[in-house]
Amino acid sequence: MSENLFQTTGTFTPDKLIADNAIPITTKGIKVAKGEGILKRGTLMGPAGDGTYKRTDSAEGIGADCILTDDVAALLSDEVTTAYISGTFNRAAIILPEGKDIADHETELRKLGIFLKAVQEY
């Protein structure tokens, strides 16, 4: 009798966040502050004064430091997750608060090893 050793454990849908691999992609662990809500992969984050990370350009004037690698829900407690700290990313896929422009953070991100470029839609 044969055993089925194949099963689907998940799926992957490309989201065009990563633009290329010319610059090594590295990550670090971060703690997202409670109350930040549901954040999507690609959200630009920055350090808050208490050691947690919040969305860039929030009311506290949080700068840009990293990009979320995964969706996270930081509703009632701080949530530990990972964020990209270097690499080349699609500028159109970076998530910022409404009315904010990624160009305002491009020089700051470049100094940290995060490079942005336009990616042609296909």
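Residues numbered from 1 in each chain as written. Predicted model: local features only at pLDDT ≥ 70, side-chain atom pairs only at ≥ 80, totals over all residues. Heavy atoms only, no water.

Let us now look at a nonpolar patch on the surface. A contiguous nonpolar patch, built from I38, L75 and L76 and spanning about 390 Å² of accessible area, is present on the exposed surface. Within the element layout of this structure, L76 appears in the loop between β7 (72-74) and β8 (79-90). Judged by its relative accessible area of 80%, L76 falls in the exposed class. (Patch = residues over 30% accessible without salt bridge, like charges linked within 9 Å, V, L, I, M, F, W, Y side chains within 5 Å. Areas by Shrake-Rupley, 256 points an atom, 1.4 Å probe, with all protein chains shown as cover. Salt bridge = Lys/Arg side-chain N within 4 Å of Asp/Glu carboxyl O. Helix = DSSP H or I, 4+ residues; strand = E, 2+ residues; numbered from the N terminus. Buried < 20%, exposed > 50% of the residue type's maximum accessible area, 1.4 Å probe, protein only.)

Next up on the list: the pattern of salt bridges. A side chain with one charge may pair with a side chain of the opposite charge, provided their charged atoms come close. Tallied over the entire structure, the rule returns seven salt bridges. With its nearest N and O atoms 2.4 Å apart, the salt bridge here joins D15 to R41. Of the two residues, D15 is situated in the segment before β1 (18-20) and R41 in the loop between β3 (37-39) and β4 (44-47); the sequence distance between them amounts to 26 residues. Residue class for D15 comes out partly exposed when judged on its relative accessible area of 35%. Among the ionic pairs, E106 bridges to R91, the shortest N-O distance being 3.0 Å. Note that E106 is positioned in helix α1 (residues 106-112) and R91 in the loop between β8 and α1, a separation of 15 residues in sequence. Bridged by salt links that share partners, the residues R91, E106 and R110 form one connected network.

Attention now goes to the environment of G63. When you line up the elements, G63 lands in the loop between β5 (53-55) and β6 (66-68). For G63, a relative accessible area of 26% corresponds to the partly exposed category. As for G63 and H105, which are separated by 42 residues in sequence, their C-alpha atoms are 8.1 Å apart. Discounting residues that sit within four places of it in the chain, G63 has contacts with M45, G46, T56 and E108. (Contact = heavy atoms within 4.5 Å.)

Two measures describe an aromatic ring pair: the distance that separates the ring centres and the angle between the ring planes. Using the criterion set out here, one finds one aromatic pair in the structure. Judged by centre distance (5.2 Å) and plane angle (50 degrees), the rings of Y84 and F89 are tilted. For Y84, a relative accessible area of 9% puts it in the buried group. On the accessibility criterion, F89 (0% relative accessible area) is buried. (Phe/Tyr/Trp six-rings, centres within 6.5 Å; stacked < 30°, edge-to-face > 60°.)

Right, let's get into the environment of S77. Relative to the elements of secondary structure, S77 occurs in the loop between β7 and β8. Among the polar contacts listed, one links the side chain of S77 to the side chain of E79, at a separation of 3.2 Å. (Polar contact = N/O pair within 3.5 Å; in protein donor to acceptor, adjacent residues only side chain to side chain.)

Right, let's get into unusual backbone geometry. Positive phi, close to 65 degrees, is recorded for K16, a residue that is not glycine. Looking at where K16 falls in the secondary structure, it is placed in the segment before β1.

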